[in-house]
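In case you want the letters, here they are:
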Amino acid sequence: MLWDQSPGATSYEVARDDVQWSPFWRDVGNVSSYTFTGLDYVRTYALEFPDFHFSFFLRAKNSAGNSNGATLLVRRSQFLRPFRSSRSSRDDKPPPPTATPTPKPVVHTLNQLPPGIQVNNWVQGAQGRRVSPSGLGRADLVAGMLDAVDLYGYVTLGVEVCFAAHGRLVFLDAAYAPRRLANLPAYQRAGMTCATIDRAGTVVLLRGDPPAPQEAQPQEDAGHTLDDCELKPLSANLNFRRSPPDGPRIDVIWARYSGWLRASEKRAGYFKVRYYGAEGWVSGDYVQTRGDCGA
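**Q** Mind laying out the overall build of the protein chain, listing which residues take part and the relevant values?
**A** What the protein chain contains, in helices and strands, is four helices and 21 strands. Taking all 295 residues of the protein chain together, the buried fraction comes to 39%. Taking all contacts inside the protein chain whose residues are at least 6 apart in sequence as the whole, residues at least 24 apart take part in 62%. When the accessible surface of the protein chain is split by element, carbon and sulfur atoms take 50% of a total near 17,200 Å².

**Q** Pulling in residues and values, what's your account of the state of the cysteines?
**A** This structure, assessed with the given rule, holds two disulfides. The disulfide that involves Cys162 links it to Cys194, with 2.1 Å between the sulfurs. Every disulfide takes its handedness from the sign of the S-S torsion; for Cys162 and Cys194 that torsion is 115°, giving right-handed. Within this pair, whereas Cys162 is found in strand β8 (residues 159-163), its partner Cys194 is found in strand β12 (residues 192-197), the two being separated by 32 residues in sequence. A single burial state applies to Cys162 and to Cys194, both of which are buried. Disulfide pairing is shown between Cys229 and Cys293; the S-S distance is 2.0 Å.

**Q** Help me get a handle on the packing of aromatic side chains, residues and values and all.
**A** Overall, the coordinates contain two aromatic pairs when judged by the stated rule. Considering the side-chain rings of Phe240 and Tyr275, the 5.7 Å spacing of their centres and the 75° angle between planes classify their relative orientation as edge-to-face. Linking Phe240 in strand β16 (residues 237-241) with Tyr275 in strand β19 (residues 270-275), this pair joins segments that are 35 residues apart in sequence. Geometrically, the ring pair formed by Tyr275 and Tyr276 is edge-to-face, given 4.8 Å between the ring centres and 90° between the ring planes. Tyr275 gets classed as buried once you look at its relative accessible area, which sits at 7%. Through pairs of rings, three or more aromatic residues link up here, namely Phe240, Tyr275 and Tyr276. Sitting over the ring of Trp260, Arg290 keeps its end group 3.9 Å from the ring centre.

**Q** Give me the lowdown on the pattern of salt bridges, citing residues and values where you can.
**A** Counting across every chain of the model gives 14 salt bridges. Notably, a salt bridge pairs Arg130 with Asp147, separated by 2.8 Å at the nearest N-O pair. In this pair, Arg130 is assigned in strand β6 (residues 126-130) and Asp147 in strand β7 (residues 145-153), connecting sequence segments 17 residues apart. Under the relative-accessibility criterion, Arg130 is labelled partly exposed at 44%.

**Q** Provide a residue-level description of the environment of Val155, including the pertinent values.
**A** With respect to the helices and strands, the residue Val155 is situated in the loop between β7 and β8. When the C-alpha atoms of Val155 and Ala126 are compared, they prove to be 5.3 Å apart, with 29 residues separating the residues in sequence. Those residues within four positions of Val155 in sequence are excluded, and the remaining contacts are Ile197, Asp198, Arg199 and Ala200.

**Q** So what about the confidence of the model for the protein chain? Which residues, and what values?
**A** Chain-level pLDDT for the protein chain is 79 on average; 77% of the residues reach the 70-or-more range. The lowest-confidence element of the protein chain is helix α2 (residues 76-80), averaging 45 in pLDDT; the highest-confidence one is strand β13 (residues 201-206), averaging 96. In the model, residues 77-89 has pLDDT below 50 throughout and makes 11 contacts with residues more than four positions away in sequence or in other chains.

**Q** Explain the nonpolar core to me, and be specific about the residues and the numbers.
**A** Among soluble globular proteins, nonpolar side chains are generally buried collectively. With 19 residues, the main nonpolar core has Val149, Leu151, Phe163, Ile197 and Val203 as its most contacted residues. Among the elements of the structure, β5 (117-120), β7, β8, β9 (168-173), β12 and β13 are those that each provide at least two residues to this core. In terms of residue count, β8 provides more of this core than any other element does, three residues in total. If sequence neighbours within four positions are ignored, Phe163 has contacts with Gly116, Ile117, Asp147, Ala148, Val149, Leu169, Met192, Thr193, Val203 and Leu205. In terms of nonpolar packing, the next biggest core, distinct from the first, is built from 14 residues, Leu231, Leu238, Val273 and Tyr275 among them.

**Q** If you had to explain unusual backbone geometry to someone new, which residues and values would you point to?
**A** Peptide bonds are, in most cases, trans, and in most cases residues other than glycine have a negative phi. Of note, the amide linkage connecting Ala177 to Pro178 takes the cis form, showing an omega dihedral of -5°. Mapped onto the secondary structure, Pro178 falls in the loop between β9 and β10 (180-184). Of note, the bond from Pro244 into Pro245 is cis; its omega dihedral lies within 30 degrees of zero at -5°. Note that Pro245 resides in the loop between β16 and β17 (249-254).

**Q** Could you give me a rundown of the sheet that holds β6, with the residues and numbers involved?
**A** Two orientations exist for strands paired in a sheet by backbone hydrogen bonds: parallel and antiparallel. Strands sit in the order β6-β7-β13-β9-β10 across an open sheet of five strands; the sheet is antiparallel. Lying at the two open borders of the sheet, with one neighbouring strand each, are β6 and β10. On average, each strand axis in the sheet is tilted by 25° relative to the strand beside it, whichever way the strands run. With five bridges connecting them, β6 and β7 associate as antiparallel partners. Bridging across to β7, Gln127 finds its partner in Tyr152.

Criteria and thresholds
- Throughout, a residue's number is its position along its own chain's written sequence, starting from 1.
- Selection of residues for local features in this predicted model requires a pLDDT of at least 70, selection of side-chain atom pairs for listing and counting requires 80 or more, and totals for whole chains, interfaces and linings are taken over all residues.
- Water and hydrogen atoms play no part in the side-chain values, which are based on all heavy atoms of the structure.
- Secondary structure is summarised from DSSP: a helix means a run of H or I of at least four residues, a strand means a run of E of at least two, and numbering begins at the N terminus for each.
- Whether a residue is buried, partly exposed or exposed follows from its accessible area with a 1.4 Å probe, protein chains only, as a fraction of its type maximum: under 20%, in between, or over 50%, in that order.
- Note on contacts: a residue pair qualifies if any of its non-hydrogen atoms lie within 4.5 Å across the two residues.
- The protein chains shown are the only cover counted for residues, whose accessible areas, like all others here, come from Shrake-Rupley with a 1.4 Å probe.
- Throughout, a disulfide means two cysteine sulfur atoms within 2.5 Å of one another.
- We call Phe, Tyr and Trp rings a pair once their centres come within 6.5 Å, taking the six-membered ring for Trp, and we label the pair stacked below 30 degrees between planes, edge-to-face above 60, and tilted otherwise.
- Only Lys NZ and Arg CZ are tested; either one counts as a charge over a ring when it is within 6 Å of the ring centre and within 35 degrees of the ring normal.
- Every case where a carboxyl oxygen of Asp or Glu lies within 4 Å of a side-chain nitrogen of Lys or Arg is listed as a salt bridge.
- The predictor rates its confidence in each residue with pLDDT, a number between 0 and 100.
- Only buried Ala, Val, Leu, Ile, Met, Phe, Trp, Tyr and Cys residues count toward a nonpolar core, and they belong to the same one when joined by side-chain atoms within 4.5 Å.
- Strand pairing is assigned whenever DSSP detects at least two bridges linking the two strands.
- Note on geometry: axes are C-alpha line fits, over the in-contact stretch for helices, and angles between N-to-C directions span 0 to 180 degrees.

This is how it looks when you write it as structure tokens:
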């Protein structure tokens, strides 16, 4: 892919969307081209399914880490149409070799946040950075700001953001320009002020009364078996855990491909399901149910 560089851009992100991918943004640095590899299966799949969609996307980022809207660069019809030359093969000369830029290695920045900020339940492709008051871009929040973190890239449902300091939390939604401000329901966990988000944006800790400590789940809820209950994710993707509510994550259930899953047990608002041969638990807050799934 080739593109014209944008004024003020310091780096670029590219993504592709096809049957195996949701859009997955990669930071490729301050370059004007990028080569995707491993696309042989796309050509085979497109011949069998005429409605197959395949696209490349691009967006620019400035020095503050903010990005503009995604630009669609290539559609399926452009990418998969065979090339036919009007010239005789005897007149053709092999094209000169094209230099391929070396992609910038992906750094998992969420592992490098300062100790006062902790992000949990993220999947590969999610990125984040601490934001200073001057980089927040909101003069109305600077006076009361204690800390902030900007999450970008592949941010999925249920990502938890925690701060060591106490206060109230607000969210600047990256889906809007300028970013739309919303209050976040905060809670205390392990002495930290926490909230969950489901999309890219900036979580800001402001001065204010700390949230009440999170109540422990009732120990007497041993769960009960289910005979006729099915569920599927409402939107985005769903964390698939070894035990409820905060057990290790086994996988992520992709809402786009999962369909209905049969639940065998319900405990403390979580359902036990089997997904690709593994048994685990999903939160009942983010699923649609049918059948007898209990109260």
